[in-house]
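# A structural walkthrough
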Amino acid sequence: RIVKNFQTGDPPMNSDQLSESLHIPNSLTRNILNDLEDTGLVATTDISQTREYAFQPAMDTHSITIRTVLERLDKKGMNVLIAKPPPTLEQIKVAMHQFYNLLENTDQNRLLKDL
């Protein structure tokens, strides 16, 4: 919804509007928007004198694919150094890298603007 509005030149939507248009609770919408903002996928913009914030893409909409969103959300908060990583961590990292490569190369990894 955020990308589509941006692409069509419609005004950015606030969390209440997004919640209503997606038919999901506002609390869930705000949690999702916080995650999207934390990962650099969306940014807030001031839309009124009342300090009401709306959301718009934080990066070029021609580069936001399904894989981009999944990978950024998956890696959110993972810049923590583990003192002694478990032995399977490297296997998981390799598997995730291969998974992301599969996602990148599938024809279903479309740009969000084209959905």
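Residues numbered from 1 in each chain as written. Predicted model: local features only at pLDDT ≥ 70, side-chain atom pairs only at ≥ 80, totals over all residues. Heavy atoms only, no water.

## Side note on the packing of helix H4 (residues 66-75) against helix H5 (residues 89-105)
For clarity, the cut-off: Interaxial angles span 0 to 180 degrees and are taken between N-to-C directions of axes, which are lines fitted to C-alpha atoms, for helices over the stretch in contact. Strands are runs of DSSP state E lasting at least two residues, helices are runs of H or I lasting at least four, and both sets are numbered from the N terminus onward. Any angle between 65 and 115 degrees counts as roughly perpendicular, while under 35 counts as roughly parallel, over 145 as roughly antiparallel, and the rest as oblique. Any two residues whose heavy atoms approach within 4.5 Å are treated as being in contact. Residue polarity follows a fixed list, in which Ala, Val, Leu, Ile, Met, Phe, Trp, Tyr, Cys and Pro are nonpolar, Asp, Glu, Lys and Arg are charged, and the others, Gly among them, are polar.
It is the contact of H4 with H5, at a shortest axis distance of 10 Å, that shows an interaxial angle of 160 degrees. Classified by the angle their axes make, H4 and H5 are roughly antiparallel. For the pair H4 and H5, the contacting residues are Arg67, Leu70, Glu71, Asp74 and Lys75 in the first and Met96, Tyr100, Asn101, Leu103 and Glu104 in the second. Classifying every residue of the contact of H4 with H5 by side-chain character gives four nonpolar, one polar and five charged.

## Remarks on the pattern of salt bridges
Applied cut-off: What makes a salt bridge here is a side-chain nitrogen of Lys or Arg within 4 Å of a carboxyl oxygen of Asp or Glu, nothing more. Each residue is assigned to one of three classes by its accessible area relative to the maximum for its type, calculated with a 1.4 Å probe on protein chains only: buried under 20%, partly exposed between the two thresholds, exposed over 50%.
By the definition in use, this model includes six salt bridges. Note that aspartate 38 is salt-bridged to lysine 76, the shortest N-O span being 3.7 Å. Taken together, the positions of aspartate 38 in helix H3 (residues 26-38) and lysine 76 in the loop between H4 and H5 put the pair 38 residues apart, joining distant regions of the chain. When its relative accessible area of 56% is taken as the criterion, aspartate 38 is described as exposed. Given a relative accessible area of 34%, lysine 76 falls into the partly exposed group. Of the charged contacts in the structure, one is a salt bridge between lysine 75 and glutamate 71, with a shortest N-O distance of 3.1 Å. Separated by four residues within a single helix, lysine 75 and glutamate 71 lie in helix H4, roughly one turn from each other. A relative accessible area of 44% means that lysine 75 is categorised as partly exposed. When salt bridges that share partners are traced, they join Arg67, Glu71, Lys75 and Glu104 into one network.

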